[in-house]
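Coordinate inspection notes
As a plain string of letters, each chain reads:
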Amino acid sequence: GKHLGFAWGPGDILLFETLYKASGTWSGCAFIHEVRKDEDIYSPILRKLFNESHHIFVGLQTIREDLPSKNKKPQFVSISKNYRSVIRACMEELQQVAVSTKDAQVAMQYGNQVSILLAIELIWNLCEVLFIDAAPAGSLLLHLLDWVRLHKADVDEKARDVLQSESPAEHHDYWDVPGGNQTLTEFDVKWRHWHEEIICKILVGDEDTLLAHKDLLSTWYHFLVTRLLFCHPTVKPTELHYYAQSCLTMFLDSRSVPEPLDSILLAAFEFDIHQVIKDCSIALNNWWFVAHLTDLLDHCKLLQSHNLHFGSNLREFLLLEYASGLFTHHSLWQLAVDYFDNCPEFGRVYLELQIERVPLDTERKALKVLRICEQRQMSEQVRSICKVMAMRALRNNRLGSALSWSIRAKDAAFATLISERFLQDYCARGTFSDLDLIDNLGPAMLLSDRLTFLGKYREFHKLYGEKRFGEAAKLLLSLMTAKIAPRSFWMTLLTDALPLLEQKEVGRYNVLRIVFHPINNIDEDLELTKVELLRLALARNLAMAIVKEGTVET
């Protein structure tokens, strides 16, 4: 009677046990389990793999399409080797940590990752030989020998250890390199038999002899290359699939089932690129390998005929999946942007959707996200980010930051609201906060009338502070006549005008003929005493202005 409840997330799933009843009610347990889709992105060592391969990927996209194929092929082979060197570097670091750690669980976890990277590098190297380098008959076998030697180096290492020891004949691996546990006399007899019969049969390509000694080889593909070396040294690429299939059948026990790695390698020997990618997508635990290999093969023009039913081609689909996984990580999301940029069909849409999910934990991170959006003319996302940051700053009473974000968002309504808050704070405290921002608004002050008034009113105070009273008076007059001042601020403006009336360089009549109009329209709820005092002061100064300006000097 128990059921499983779940909630999908961009990079994980939340699972919980429920007890659903026929009545429609349900109860749950006390635990919620987080199931991550791509655990590898949280490994500090594997993050190096993602970072380094990102640089290689970006470089690959810059190779010009119009270059002749013969000129591009060496570049593609070099890029493939670069990818493999990154894999090997991570593999070696993981191996060192696995050996050095005292935590058995951590050692097992890193050991598993090493095994996965070994398989990835094995597959990639084979694809490089068969598809990217596309070696012809003759040189093909030399490439395959290098491939199997690179991945089955244990025999070479054992032989090297034996030969470098003080007493090679007494070394515990001595008999593994030529044979099993036996006395010196037994070995001498068997060595002669090997030299006279077995080695000759091997050299002449006797397949039964090779098969009888398959225990010396640890895998079927090691056996395949050995068989080709002695029996079919001039094998053609088109013939590989036949020998690969027969070696797999001969090597495996009749009751054994091929492992996923066996099926992938067999598909590669059959030159079935799409099957290789499909099987790897199913078998591997992340999209890194299939996304980057497919991208490289696509640049080699090996995937052009394969499109998916839902619109995007295989390369773009895999890159989108890989990049979407990166976007769930707190720092790797920045790498994903370049992958989306190089997906011409759906990359822009994915980026717009994913970038809105990036948590804007700090202002620095918000600026990073904003710069990405601005560089790509993503105006809607720019406005959204700026509004979120402006609202957050306003809630924290950081008016300067809030105003700056609202200006970047070109949000006139929000800029008006914040400007009102600045003016209210001024009325309450008698000073402005964030003077550097207000003093350097420039053309941004034209975003809204209230912001314009805020900027100009601050300019009036600067002129007054610098004792440029004539300019200050003119600016104050323009603010009154432009009717952009809020009614609640009129009393403050009129109060600011009074000291100017006492200054010699300011024409009193010019000031007074303006201020009498708004004083008659001041809200009734203002203190009557202030209004009456203001009327008295203005009347006295008006009389003095009329007398003085009406007197003709002789």
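Residues numbered from 1 in each chain as written. Predicted model: local features only at pLDDT ≥ 70, side-chain atom pairs only at ≥ 80, totals over all residues. Heavy atoms only, no water.

Condition: UniProt positions are given in the numbering used here, feature names are shortened, and annotations may be inferred rather than shown by experiment.
Per an unreviewed UniProt entry, the chain goes by Nuclear pore complex protein Nup85 and derives from Scophthalmus maximus. The record held by UniProt for the chain lists under Subcellular location (unreviewed entry) the comment "Nucleus, Nuclear pore complex". The UniProt entry for the chain carries the following comment under Subunit (unreviewed entry): "Component of the nuclear pore complex (NPC)."

1. Topic: the overall build of the chain
Applied cut-off: The helix and strand labels rest on DSSP assignments: H or I over at least four residues marks a helix, E over at least two residues marks a strand, and numbering proceeds from the N terminus. Burial status follows relative accessibility: with a 1.4 Å probe on protein chains alone, a residue under 20% of its type maximum counts as buried, one over 50% as exposed, and anything between as partly exposed. Working definition of accessibility: Shrake-Rupley area with a 1.4 Å probe, residue cover restricted to the visible protein chains.
Within the chain one finds 25 helices and four strands. For the chain, buried positions account for 42% of its 554 residues. Carbon and sulfur atoms provide 55% of the accessible area of the chain, an area that totals close to 30700 Å².

2. Considerations on the pattern of salt bridges
Where we set the bar: Should a side-chain nitrogen of Lys or Arg be within 4 Å of a carboxyl oxygen of Asp or Glu, the pair is scored as a salt bridge.
Inspection of the entire model under this criterion finds 14 salt bridges. For the salt bridge of Lys81 with Glu128, the shortest nitrogen-to-oxygen distance reads 3.2 Å. Of the two residues, Lys81 is situated in helix H2 (residues 69-100) and Glu128 in helix H3 (residues 104-132); the sequence distance between them amounts to 47 residues. The residue Arg348 makes a salt bridge to Glu352 at a minimum N-O spacing of 2.9 Å. Of this pair, Arg348 and Glu352 are both found in helix H15 (residues 347-355), four residues apart, which corresponds to roughly one turn of the helix.

3. Section: the side chain of Lys72
We count it as follows: Residue contacts are counted whenever heavy atoms from the two residues lie within 4.5 Å of one another.
As for its placement among the helices and strands, Lys72 is situated in helix H2. Filtering out sequence-adjacent residues up to four positions away, Lys72 remains in contact with Ile63, Arg64, Glu65 and Leu67.

4. Side note on empty space enclosed by the protein
The condition is simple: A pocket, in this scheme, is an open set of points on a 1 Å grid over the protein atoms alone with protein on both sides within 12 Å along at least 5 of 7 lines, while a cavity is a set where a 1.4 Å probe fits but cannot get out; residues line either one if an atom lies within 4 Å of a point. Grid points are joined across faces, edges and corners, and a volume is the space filled by probe spheres set on the points. In this classification, Asp, Glu, Lys and Arg are treated as charged, Ala, Val, Leu, Ile, Met, Phe, Trp, Tyr, Cys and Pro as nonpolar, and every other residue, Gly included, as polar.
Under the definition given, this model contains one cavity of 30 Å³ or more. Estimated volume of the largest cavity: approximately 80 Å³. Lining the largest cavity are Asp40, Leu46, Leu49, Phe50, Gln113, Ile116, Leu117, Ile120, Asn286 and Trp288. For the lining of the largest cavity, the secondary structure elements donating two or more residues are helix H1 (44-61) and H3. A class-by-class count of the residues in the lining of the largest cavity yields seven nonpolar, two polar and one charged.

5. A short note on the packing of aromatic side chains
Formally: To pair, rings of Phe, Tyr and Trp, with the six-membered ring standing in for Trp, must have centres within 6.5 Å; the planes then decide the type, stacked if under 30 degrees apart, edge-to-face if over 60, and tilted in the middle.
Taken as a whole, this structure holds 18 aromatic pairs when the rule is applied. Consider the rings of Phe223 and Phe251, whose centres lie 6.0 Å apart with planes at 35 degrees: the pair is tilted. Here Phe223 is found in helix H8 (residues 220-231), whereas its partner Phe251 is found in helix H9 (residues 240-251), with 28 residues between them in sequence. On the basis of relative accessible area, Phe223 is assigned to the buried category, the value being 1%. The rings of Phe50, Phe57, Tyr322 and Tyr339 are connected pair by pair, giving a single aromatic cluster.

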